[in-house]
Amino acid sequence: MWGIIATWRMAYEGIEKAAHMLADNQNAGDAIETAVKAVEDFPFYKSVGYGGLPNEEMQVELDAAYMDGDTLDIGAVAAIKDFANPISIARRLSQEKVNNLLVGEGAEKFAHKEGFERKNMLTDRAKIHYKNRVKETQQLEIKPYSGHDTVGMICLDQAGKMTAATSTSGLFMKKAGRVGDSPISGSGFYVDSEVGGASATGLGEDVMKGCVSYEIVRLMKEGLHPQEACERAVNMFDLELKKRRGKAGDMSLVAMNNKGQWGVATNIEGFSFAVATANEEPIVYLTKNVAGKCIHEPATQEWLDEYMATRTAPLEEK
């Protein structure tokens, strides 16, 4: 058995590439890195990598993480600027005995020393998004932080190795130096090849309050199916946040166990995810939470066409 699952429709093309690799008996580390890089390199996905949404100072700061489920090795970068593929830098860091999470200038110095590609990640399109959001917050009272989709993935290869990976530009218009859940082990991601893995997208400040990815893996270790583990963890923490704080931020998680079974749970409308296994061709699902149960339906061609048309449509400064 092999499989890979990821947050959001934007992961589909990367999932397709990874599926070919996994079917060819390639390594879960190579497959998941390839899949994430496909998202990072596509400029129209405005919350990850090249073309990612800038912070309040109009700088693109990226977070990414990688975890090996066999060894539990972790590598992560946060608030890194001007490097093309933060996921690759994170994976390289996972090979170090110490210094596994580097931030800002330190992450950039490491990436430069290791020969990773320097690149201005701020695109003209992202500049227009930024300038329009500044005007919207002034004129329409739109929250500056609206718009933050992390790509998070869990992967299983035919040898039973599992990996996890995340990559994001974080909250739109965030404070310089802000770090969310994505590069934080147990919050944005966690994987154990003897059990399974989970990865998150949503409001990092709230996801971090519950270490939700680790909680899902813990529940799977107790014997729960990934779907049940996701629903229990997300629903219970959503309720806990509302009880203690009056509200809960966006929270969507994907999971896969070491048998290739998968699960997804969300507390928002309109969450999409992509998955492929030895038994299932790459596909995009839409999911909704109905009274605590998450229902997954294949995305229609009309929805898929509209998704790409919206994201690639020409932008004009308002």
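Residues numbered from 1 in each chain as written. Predicted model: local features only at pLDDT ≥ 70, side-chain atom pairs only at ≥ 80, totals over all residues. Heavy atoms only, no water.

Caption draft 1: View of the overall build of the protein chain. Looking only at helices and strands, the protein chain has nine helices and 13 strands in total. Expected size for 318 residues packed as a compact globule is a radius of gyration near 20 Å; at 18 Å, the protein chain falls within 12% of this value. C-alpha atoms of the protein chain, sized along the principal axes, occupy 50 × 50 × 40 Å. Per-residue burial over the protein chain gives 54% buried out of 318 residues. Within the protein chain, contacts between residues separated by at least 24 positions form 65% of all contacts whose residues are at least 6 apart in sequence. Approximately 13800 Å² of the protein chain is accessible, and the part contributed by carbon and sulfur atoms is 49%. Distance from the positive charge centre (36 side chains) to the negative charge centre (46 side chains) of the protein chain: 5 Å. (Helix = DSSP H or I, 4+ residues; strand = E, 2+ residues; numbered from the N terminus. Rg over C-alpha atoms; globule rule 2.2 N^0.38 Å. Buried < 20%, exposed > 50% of the residue type's maximum accessible area, 1.4 Å probe, protein only. Contact = heavy atoms within 4.5 Å. Areas by Shrake-Rupley, 256 points an atom, 1.4 Å probe, with all protein chains shown as cover. Lys, Arg positive; Asp, Glu negative; His and termini not counted. Charge placed at Lys NZ, Arg CZ, Asp CG, Glu CD.)

Caption draft 2: Region of the structure containing the sheet that holds strand E7 (residues 189-192). Strand order in the open sheet formed by four strands is E7-E8-E9-E10, and the pairing between neighbours is antiparallel. Single-partner strands in this sheet number two, and they are E7 and strand E10 (262-266). Direction aside, neighbouring strands of the sheet carry axes that sit 10° apart on average. Here five bridges tie strand E9 (residues 251-257) to E10, and the two strands are oriented antiparallel to one another. Residue pairing for E10: Leu253 is matched across the bridge by Ala265. Seen against the sheet, helix H7 (residues 212-221) touches E7, strand E8 (196-202) and E9 and runs at an angle of roughly 150° to E8. (Pairing = 2+ DSSP bridges. Axes fitted to C-alpha atoms, helices over the stretch in contact; angles between N-to-C directions.)

Caption draft 3: The confidence of the model for the protein chain, seen in detail. Taken over all residues, the pLDDT of the protein chain has a mean of 96, while the share at 70 or more is 97%. Here helix H5 (residues 124-139) stands out as the element of the protein chain with the lowest mean pLDDT, 88, in contrast to E7, whose mean of 99 is the highest. (pLDDT = per-residue confidence, 0-100.)

Caption draft 4: Main features of H5. Across its 16 residues, H5 extends 23 Å between first and last C-alpha, which sits within 8% of the 22 Å expected from 1.5 Å per residue. Those residues of H5 that sit buried are Arg125, Ala126, Ile128, His129, Tyr130, Asn132, Arg133 and Glu136. At its buried positions, H5 is contacted by helix H9 (301-312). (Expected span 1.5 Å × (residues − 1).)

Caption draft 5: Representation of the packing of aromatic side chains within the structure. One pass over the full model with this rule turns up ten aromatic pairs. Between Trp8 and Phe271, the ring centres sit 4.8 Å apart and the planes meet at 75°, which makes this aromatic pair edge-to-face. Remark: Phe271 occurs in strand E11 (residues 271-277) and Trp8 occurs in the loop between strand E1 (3-7) and helix H1 (12-23); sequence separation between them is 263 residues. Each residue in the set Trp8, Trp262, Phe271, Phe273 and Tyr285 is aromatic and connected to the rest through ring pairs, giving one cluster. (Phe/Tyr/Trp six-rings, centres within 6.5 Å; stacked < 30°, edge-to-face > 60°.)

Caption draft 6: Geometry of the packing of H7 against helix H8 (residues 226-245). At their nearest, the axes of H7 and H8 sit 9 Å apart, and the two run at 135° to each other. Our classification of the angle between H7 and H8 gives oblique. For H7 against H8, the interelement crossing comes out right-handed. Facing H7, whose interface residues are Val212, Glu215, Ile216, Leu219 and Met220, H8 presents Pro226, Ala229, Cys230, Arg232, Ala233 and Phe237. Looking at the contact of H7 with H8, its residues break down into nine nonpolar, no polar and two charged. (Parallel < 35°, antiparallel > 145°, perpendicular 65-115°, else oblique. Left-handed = near helix turned anticlockwise from the far one by under 90°. Nonpolar A, V, L, I, M, F, W, Y, C, P; charged D, E, K, R; others polar.)

Caption draft 7: The packing of helix H2 (residues 28-40) against helix H3 (residues 86-93), seen in detail. For the pair H2 and H3, interaxial distance at closest approach is 8 Å and the crossing angle is 150°. With respect to each other, H2 and H3 are oriented roughly antiparallel. Contacts between H2 and H3 involve Gly29, Asp30, Glu33, Val36, Lys37 and Glu40 on the former and, on the latter, Pro86, Ile87, Ser88 and Arg91.

Caption draft 8: Inspection of unusual backbone geometry at higher detail. Of note, the phi angle at Ala79 is positive, near 55°, even though the residue is not glycine. Topologically, Ala79 is positioned in strand E3 (residues 74-80). Residue Ala79 is classed as buried on the basis of its relative accessible area of 6%. Residues other than glycine seldom take positive phi values, yet Asp82 does so here, at roughly 65°. Topologically, Asp82 is positioned in the loop between E3 and H3.

Caption draft 9: Examining the pattern of salt bridges more closely. This model, assessed by the stated rule, comprises 23 salt bridges. The shortest N-O distance in the salt bridge between Glu215 and Arg218 comes to 2.7 Å. With a gap of three residues between them, Glu215 and Arg218 both fall in helix H7, about one helical turn apart. Its relative accessible area of 25% is what places Glu215 among the partly exposed residues. Ionic pairing is found between Glu240 and Lys243, a salt bridge with its closest N-O pair at 3.7 Å. Remark: Lys243 and Glu240 occur in helix H8; sequence separation between them is three residues, near one turn of the helix. For Lys243, a relative accessible area of 63% corresponds to the exposed category. In the salt-bridge network here, residues are joined through shared partners; they are Asp30, Glu33 and Arg91. (Salt bridge = Lys/Arg side-chain N within 4 Å of Asp/Glu carboxyl O.)

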